[in-house]
Each structure stands twice: as structure tokens, then as C-alpha cells.
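Topology and contacts: notes
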Amino acid sequence: MNRPLELVCPAGTPAALRAAVEAGADSVYLGFRDETNARNFPGLNFNHKELAEGLKYAHDNGTRILVAINTFPEAGNPAPWHRAVDCAADLGADAVILADIGLLDYTASHHPSLRRHLSVQASASNPEAIRFYCNAFGVRRVVLPRVLTVPEIAALNREIAGIDVETEVFVFGGLCVMAEGRCALSSYATGISPNKNGACSPASHVHYENQRGKMVSKLGAFTINQFHADEPAGYPTLCKGRFVTNGKASYLFEEPTSLSAAMLLPELQAAGVTALKIEGRQRGRAYISQVVTAFRKALDAIAAGQPPPPLDMSALTEGQRQTTGVYEKTWR
Amino acid sequence: MMRKVKLSLGPTFFNWPPEKWRDFYFRIADEAPLDTVHLGEVVCSKRLPLIEAVIPEVVERLEAAGKEVVVSTLALIMSKREMNIVRELAASGDIMTEANDVSTAALLAGRPHVIGPFVNIYNEGTLAWFVGNGAVRVCLPVELSGIAISKLIAASEGAKPELEVIAFGRLPLAVSARCYHARANGLHKDNCAYVCDQDPDGMELETLDGAPFLTVNGTQTLSHSCCNLIGDLATLAGAGIRRLRLSPQDADMVAVASIFRDVLDGNLDLVTAECRLSGLVGGMAFSNGFFHGIEGARKAGPLAAAE
Amino acid sequence: MQRSPDVPPLSPVLLAGLALRPFPVVMLQPVLDAVMLIIHRRHPDVFDRLSGFQNPVFLIDPIDLPCAFILTPETRNPRVVAVAEYDPKTILETADAVIRGPLMSLMDLLEGRIDGDSLFFSRDLMIEGNTECVVALRNAVDGAEINVTEDILALFGPLAGPLRIAKKAGDVIFSRATQDLAFLRDAVIAPSMHRHAAIESQLHKLTEKIDAIDRKSAT
């Protein structure tokens, strides 16, 4: 029998962390309140004191804390990233989630006993890349990029069976349609880089304009979508926008949709993954409570050998659509 | 200083018919003032068989013309088949290879190789690691600022790596598992019918209000604007850049290369160069925002006012 | 950015607001000062999370109340001031952002029942001005676990228990009244809604045609 799947949940604030722990998270991932992590959004994330308190609370409740330090320091300014790693190590975080090779190197040499996970931002999509990160920097877990189908994940896990490494996959929430950590679209439109500054489609560059009775959502100088006056206008995430190609307007990259692999949990377990990740450090604690509770129930059912109950996430997707994304081949 | 800067032609990102592809490189071999030419498929493994048959004659022609040939490899490796393509290339060992994924760099460890712009090298620590692994040349990611580029050049001085930046062409901004060319035509990647061959310079993507924004090339998304660092060459050379990369468009790349060479050699003034380049790409908008630390789509620097 | 929710929903809040209309807003100020003091004391981290911004000013407009509020969440001295009216055309010259919607939706926002992403899909709330400030405010209040009732009840010490029971009874009546009013409203407007939907669909088609023509003439 497989060992139980680990449920890895997001927290953008101490309140969300408590909500995730109460709802049954096995691990909670979070970041510092700066550009060292890929959810560097205004008003979000943890300072050192909050992390220390969060660690104590989580550990008292048997939950692990993973600290995401998963942006790429730009030349000349590595200090904030080094400090973040030092702080996570000093405070006793259970692991750090890293993407940059220079930072992996720093962590492996300065804090060899600090467990290292490879962030999805490193986009390690194949066995040779995973082997490399494990051999060179002692990475113990790889978060797989959202580019692989379930059969490809299974094949990948078979190929890396000889390496002491776990794989983690996303099962719910926002969905990058481009290979993670390798997308400069938002940076091209706003000058703020997801890789360097930790924010995609940043709120600072979002604005809404009323044009001839239509609501237009813009990111920097570019129109991302248009809505009728009484239609709710979504947040203009670049790759979920509507654009024109060959004279036709469409959601060319992806519809405004959320990933839900809730129906694929047994398949993902059979494919050999260790941990399931829920996206959404920027979402509120109400979201965290509901999603984590639902997935906890599903995983407990699977662990007990029962079929997972159908998950009702309708309240969280707010009329948005759900997709199994790349896990099914036809998505490509 | 500028005279010493070398010129490379990057790999062609677009799906051109094999004859067009071959003839393009024959002309490059015979006429273009380039030091190095990159060949190979970076975007989509399904296209590789299309050009495979003509690669040997193109390599031969380029080498006969005294140009260094570098084989560029896939940016996104997902399947066993794709992994094996790269494993074989890395194992062959008789030609300089460019890694565009960390896995490929790992396979090339201990041998001289090139790192392409799809590998995230943003800082000194990461650069040092790749140099230690055997990289002799590194083409930096597109979104690095001029300041960061200068710092990396300063950090790598004395050591061997030759640093290179993309100085011309639509910028490769993203790669995906999903094929948007297929999707735009109501198809999936597996039955794509190679529709990307309809757009030799990529499929233009506009915003709903008709502003040009991006270009779609199969699984790759490029900028709509054409990156052009011709006005920044003095700054780059002053910082010690050793090589510039021109990324092929469906345009007269021999003329583009000649203009860059002439400016580097001090034989052509900037305004004339910019004007001629604009004519060569049919008036495509130019951008250099990333270099100036702002929106990549924007244009800044000495030639911005000429707009 | 959303449908302009200028028409308030028919709700107990609206009726209460209408009843309060004769009273000047300055009478509210002592209550607001007291509530702000409590929130500041019990949730200092809200204001800490907003410290990255240069003293942002929010105009919060519950459309079913006859007044609006100007919120300045400064780290040391946060204030909220009631205003009887404001000019929607010029308000963004003094406020960084405007958040407009029915009181109960604004309370959901304050107490963390609406998350950051849903905020932008909500039909109830309208946001204007600096989106970044609004996202920061939303994240900050969500992280603080503000519960206005509990925060105020905490002031009453031993009396909090009985008051909590009274509040619960009040909630039941409020929720019942909300349902009754919604039912009444639906019955009154149903015929015109059908007609409205038909007109809207026609308008939608026309707009798309105009857009297509615009694009053609642009190229």
C-alpha cells in the first residue's frame, strides 16, 4: 500500500496559516514579506516575528512549515535572499523551497542540514534536471512544473526511482499556462518581473477604464480584457486575457479558470507523487479553510481505501471554470 | 572596444520549410559578417525531423565559410523522446552545443559548452556555478537589465565565460506545454497539422483594442516588438560585453548583421543604422525596455526620441 | 471596475439608513473613533501590513447608507471619518481608492469572508483608483481576523455574554428581513427583468459587430 499523500497548503498571513493547520494541512508553505518569494503581493506574507510564531504554532500542532524563497536574485543584490535562507534556517523551518541555482548552492554550503525543496519556478520537467538538482545541491523534493500529463509524471517517477527524491504536484488553484519561472510576459508589459520581483500581473500596474460603456481591464499599457458594464470584470492576469489572432478574439492562452485535479487524486498517487500542493497564498483564509478541509476529507478517504468524495468547490471558483489542465493530454 | 565584439546568429525559432531554412543559412554562410551561427530546434521537438535532413549540408557550408557552428537544443524537455534527443546530442560531443534547459547543461558537464537564454542565470552565484560546470559562453536571459548585465560581466572577468545578450529580434518571452498555434486553429498539439508553418515570423497577437502585443510561435510566445539594442551598443561595449546575438526574423538577416557589424566597427552612424534596420523589418516597432530596467515593450535610450 | 452598483439593494440596511437620514453624520464620529481605537489596539498588524504605502486614503461608500467613510489606516494614528456626501468625479484627487458596495458586502470584506481573488469577480463591490492599495488593504484585514461584533463586545467585559445572545437573536431577525425583502423585490421587478435580458442580448450582439468593424478599419 502507498503511504498517505502529504497535503501542502498555502498561507499568506498568520491567520491563513492557522486556518490551514486547523483544516488539516500536513505542511504549510509561506514566504517573507519581500521580493524573495513568488507571491510578493501588497499586504501579504510574514515578517520574522510572524514566522517564528507561526513555526511554534504549526509545530505544536504537528504541521511542517516550508519557506518559499523562490525568486531569482538579480546580480549585485543577493543579500536579501541569503538573509531569508539564514532566517529560515535559524528559526527552524522544516524546509526551504528554492529555484535559483546560486541560492541552492549558498544554502547547500551554508546550511547543509536545512532541507531543500526545488520550487516549481525552477521548471524541472525531466529526469536529468531532477538528477542534477539532487546530485549538485542535495534537493530532497521537486515541485513539478505544470507541463506534465499524469502518465508523464508516472514515467518520470519511474525514471528517478533510483534517486532519493520526492515529487510534489499542484492539485488546486491558480494555474500558470507557461512553464513556470520561464515566463517574461508580465515583465514585458509592466517592467515588474515574476522571476525577479515575485509578482505576476502586479496590482500596481492594473487599472480599469470605462470606454464607451465597456469596462476595460488593463495591465500596464495593454488591454487584457473588456466586459459589458454589468458583467463582473476579472483581474487582468496576462495569460488569462482575451486577445485577437487572425481577426478573432479569444482566450488564446487560457480561459479565466482554476486548476482542480480533485478527481485525479488516486491516479496521482499511483503515479508515485509524494505530496499534493494547493495554490493560493494570495487567497483569503476563508478559501484556505474550505479547500484544505475538502482535500483533507478526500485524502483521508483514499488513505482508508475508499473512493474520494466529490469535492464541492463551487463557492471558491465564483463562477469561474475549473480544469484538470495539463494533467489530461488534450489540454495541450 | 566595439570592434572586438563578436556577432552570433541565434537559432531560428520559426517553422520554415526545409528548403527555405537551408537557403537562408547558405546565404548567411556566404555573405553575413557573423562569427557564429546557431542551428537546431529550440521550440518544438515535433519540428526537428523537418530540418534534420538538411542540417549536415548547412553545417558544412557554414564551416567552410569559417563560421563557428553551435547546435542549440530544446528549451522545454517533457517526454522521454525529447530527453533522448538531447541525450544523443550531448553524447555525440563533436560539435559545440548550447543548453537551453538545466538538464542539458548537466549532460554537458565537464565539456566546453554554451548556455542559452532559456536557462535562468540572473546572478553571480548562478553564473559561477555554470562556469564551473564547463560553460564557456553564456547568452543571458532576456529580462536582465543593463545594470545586472554589467555586474555579471564584472563578476566573470578573468574567468573564461564569454557573455552574450540578444541584441536584435523578437524576444522569446515564454514557453509552454500547450501549443497556441494549434489552439488558435481549433487543434491540439498532438494533431497540430504543423499549422505554425503558416506564420514564418510568428502569428501576431493584438489586444482587443487593436494594439500589437505579442507573437505566437507554436508553444512559444515572443514579443511583438523587435528587440533592438543598436543604440545601446556603446554602453554594452563599455561594460565589456564580448558577444551579441541576432535572432532570426523572416527578413534579410545578412543586411541586419552587416548593419550591426558596421556600427560596431565605427563605419555607420546610429541614426542611419536604426533607419535601415527599420526598413529591413517592415517598420516593426523596436524595443529595448528590459535593458533599461523598464517594461520590455518600451523603447528608451539615445534613439527613443527618434520615434 | 464592476457593474456600477449605484442602486442599493432593497435591504434592512437601506431601510435603517433611510430612517437615520435626518441625523447629521457628525453624531457618528464618537462611535467610529471608539471602533477604530479598538481595532487598532486589537489588530495592530493590519496597519503594519499597510506600512509599505505612503499613507493611503480610502473612501468606503456603503451605498445603502446615507453616508460614506474616509479611512486613513496610518500605522500610529489610524482614523475613519464619516462624510455625508462626496463628489464621485473628483474624489480620486483626495482618495487613493474608492470601494463602493452594500454595507453587508463591505463587512464581508472587512471580516475576511471575501478573498482577494473573489473580490475582483464580485458583482457587489466596485473599486476605483489604486488597485494595489485595495489589494493591500484586503490582505491586511484578512490576516487580522477582525470580527467587529467580537471586537466591540470585548469592551463590555462580563456583559459580553448576554450581549452576544442578543446579537444572535438580532442576526436571525436581520437575516429573515433580508430574505423577505429580496422576495418582495424579485416579485416586483421580475417582468421588467425578462425584458431587460432580451434587450441586453441584442445590445451585446451589436457591440460585437461594432468592435469587429473597428478592428477591420484599424488594420
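Residues numbered from 1 in each chain as written. Chains lettered and ligands numbered in written order. Predicted model: local features only at pLDDT ≥ 70, side-chain atom pairs only at ≥ 80, totals over all residues. Heavy atoms only, no water.

**Considerations on the packing of helix α1 (residues 14-22) of chain A against helix α10 (residues 285-303) of chain A**
All names here are of chain A. Closest axis-to-axis distance for the α1/α10 pair is 8 Å, and the angle between their directions is 15 degrees. With respect to α10, the element α1 is oriented roughly parallel. Crossing of α1 over α10 shows right-handed handedness. On α10, the residues that touch Ala-15, Ala-16, Ala-19 and Ala-20 of α1 are Arg-285, Ile-288, Ser-289 and Val-292. (Axes fitted to C-alpha atoms, helices over the stretch in contact; angles between N-to-C directions. Helix = DSSP H or I, 4+ residues; strand = E, 2+ residues; numbered from the N terminus. Parallel < 35°, antiparallel > 145°, perpendicular 65-115°, else oblique. Left-handed = near helix turned anticlockwise from the far one by under 90°. Contact = heavy atoms within 4.5 Å.)

**Some details on empty space enclosed by the protein**
Per the counting criterion, the structure on display carries eight cavities of 30 Å³ or more. Considered as a void within the structure, the largest cavity measures approximately 180 Å³ in volume. Lining of the largest cavity is provided by 16 residues; of these, Arg-182 of chain A together with Pro-117, Val-142, Pro-172 and Leu-173 of chain B occupy positions nearest its centre. Of all the secondary-structure elements, those providing two or more residues to the lining of the largest cavity are β8 (178-183) of chain A together with β7 (162-176) of chain B. Counting residues per element, the lining of the largest cavity draws most heavily on β7 of chain B, which supplies four residues. Along the lines of polarity and charge, the residues of the lining of the largest cavity split into eleven nonpolar, three polar and two charged. (1 Å grid on protein atoms, 1.4 Å probe; cavity = no way out; pocket = protein on both sides within 12 Å on 5 of 7 lines; lining within 4 Å. Points joined across faces, edges and corners; volume = space filled by probe spheres on them. Nonpolar A, V, L, I, M, F, W, Y, C, P; charged D, E, K, R; others polar.)

**Digging into the domain arrangement of chain A**
Residues and elements named next belong to chain A. Here chain A is described as being made up of domain 1 (6-175 + 257-331) and domain 2 (185-250). Between the C-alpha centres of domain 1 and domain 2 the distance comes to 27 Å. Counting residues at the interface gives 13 residues for domain 1 and eight residues for domain 2. Contact between domain 1 and domain 2 buries roughly 780 Å² in total, counting both sides, with carbon and sulfur atoms accounting for 45%. Two residues, Lys-196 and Glu-74, come together in a salt bridge whose shortest N-O distance is 3.2 Å. The interface formed by domain 1 and domain 2 contains six residue pairs in polar contact (both at pLDDT 80 or more). The class makeup of the residues in the side of domain 1 that touches domain 2 is five nonpolar, five polar and three charged. (Domains from an automatic or database assignment. Buried area = accessible area lost by both parts, 1.4 Å probe. Salt bridge = Lys/Arg side-chain N within 4 Å of Asp/Glu carboxyl O. Polar contact = N/O pair within 3.5 Å; in protein donor to acceptor, adjacent residues only side chain to side chain.)

**Some thoughts on the pairing of strand β15 (residues 275-278) of chain A**
Residue and element names in this part refer to chain A. Neither face of β15 is left uncovered, since the one carrying Ala-275 and Lys-277 and the one carrying Leu-276 and Ile-278 both have all their residues buried. In the sheet, strand β1 (residues 6-10) pairs with β15 via three bridges, with the strands oriented parallel. The residue bridging Val-8 from the neighbouring strand is Lys-277, located in β15. Alignment of strand β7 (residues 166-173) against β15, held across four bridges, turns out to be parallel. Pairing of Phe-170 across the sheet is with Lys-277, part of β15. (Buried < 20%, exposed > 50% of the residue type's maximum accessible area, 1.4 Å probe, protein only. Pairing = 2+ DSSP bridges.)

**A short note on the confidence of the model for chain C**
Scored by pLDDT, chain C has a mean of 80; 90% of the residues are at 70 or more. Overall, residues 1-5 of chain C carries pLDDT values under 50, and its contacts beyond four positions in sequence, including any with other chains, amount to 30 contacts. (pLDDT = per-residue confidence, 0-100.)

**Things to note about the pairing of strand β4 (residues 96-99) of chain B**
All names here are of chain B. Note: strand β3 (residues 68-72) against β4, three bridges, orientation parallel. From the neighbouring strand, Ser-72 faces β4, where its bridge partner is Glu-98. Handedness of the crossover is the feature at issue here: the chain leaves β3, passes through helix α4 (residues 80-92), returns alongside β4, and the resulting connection is right-handed. For β4 and strand β5 (residues 113-115), the ladder comprises two bridges, and the chain directions are parallel. When the sheet's bridge partners are listed, Ala-99 is paired in β5 with Ile-115. Handedness of the crossover joining β4 and β5 through helix α5 (residues 102-107) is recorded here as right-handed. (Right-handed = clockwise from strand over helix to strand, strands pointing away.)

**With respect to the sheet that holds strand β10 (residues 214-219) of chain A**
Residue and element names in this part refer to chain A. Spatially, β9-β10-β11 is the arrangement adopted by the three strands of the open sheet, whose pairing is antiparallel. The open sheet has two free edges, formed respectively by β9 (206-211) and β11 (222-228), since each of these has just one partner strand. Geometrically, the sheet is characterised by an average inter-axis angle of 25 degrees between neighbouring strands, direction not taken into account.

**Here we look at helix α7 (residues 131-144) of chain C**
Residues and elements named next belong to chain C. With 14 residues, α7 extends 20 Å from end C-alpha to end C-alpha; this agrees with the ideal 20 Å at 1.5 Å per step. When you tally the buried positions in α7, you get 13 out of 14 residues, the bulk of the element. Where α7 begins, one side-chain oxygen reaches toward the backbone nitrogen of Glu-132, 2.9 Å away; that side chain belongs to Asn-130. Directly after α7, the chain includes Glu-145, whose backbone phi takes a positive value near 55 degrees. (Expected span 1.5 Å × (residues − 1).)

**Looking at the pattern of salt bridges**
All names here are of chain A. The full count for this structure, using the stated rule, is 45 salt bridges over all chains. Among the salt bridges present, the one from Arg-140 reaches Asp-164, with a minimum N-O distance of 3.5 Å. Note that Arg-140 is positioned in the loop between α5 (127-137) and β6 (141-143) and Asp-164 in the loop between α6 (150-159) and β7, a separation of 24 residues in sequence. Under the relative-accessibility criterion, Arg-140 is labelled partly exposed at 34%. The structure contains a network of salt bridges with shared partners spanning Glu-6, Arg-64, Arg-115, Arg-141, Glu-166, Glu-168 and Lys-277.

**Side note on the interface of chain B and chain A**
In this complex, chain B contributes 63 residues to the contact, which on the side of chain A involves 64 residues. Of the roughly 5400 Å² buried where chain B meets chain A, counting both sides, 58% is carbon and sulfur surface. Looking at the side of chain B facing chain A, the largest losses of area belong to Arg-178, Leu-208 and Phe-213 of chain B, adding up to 14% of the total buried there. Linking chain B with chain A are six salt bridges, by the criterion used here. Its salt-bridge partner being Asp-190 of chain B, residue Lys-329 of chain A comes within 3.1 Å of it at the nearest N-O pair. Connecting chain B to chain A are 40 residue pairs in polar contact (both at pLDDT 80 or more). Its residues assigned to classes, the side of chain B that touches chain A shows 33 nonpolar, 16 polar and 14 charged.

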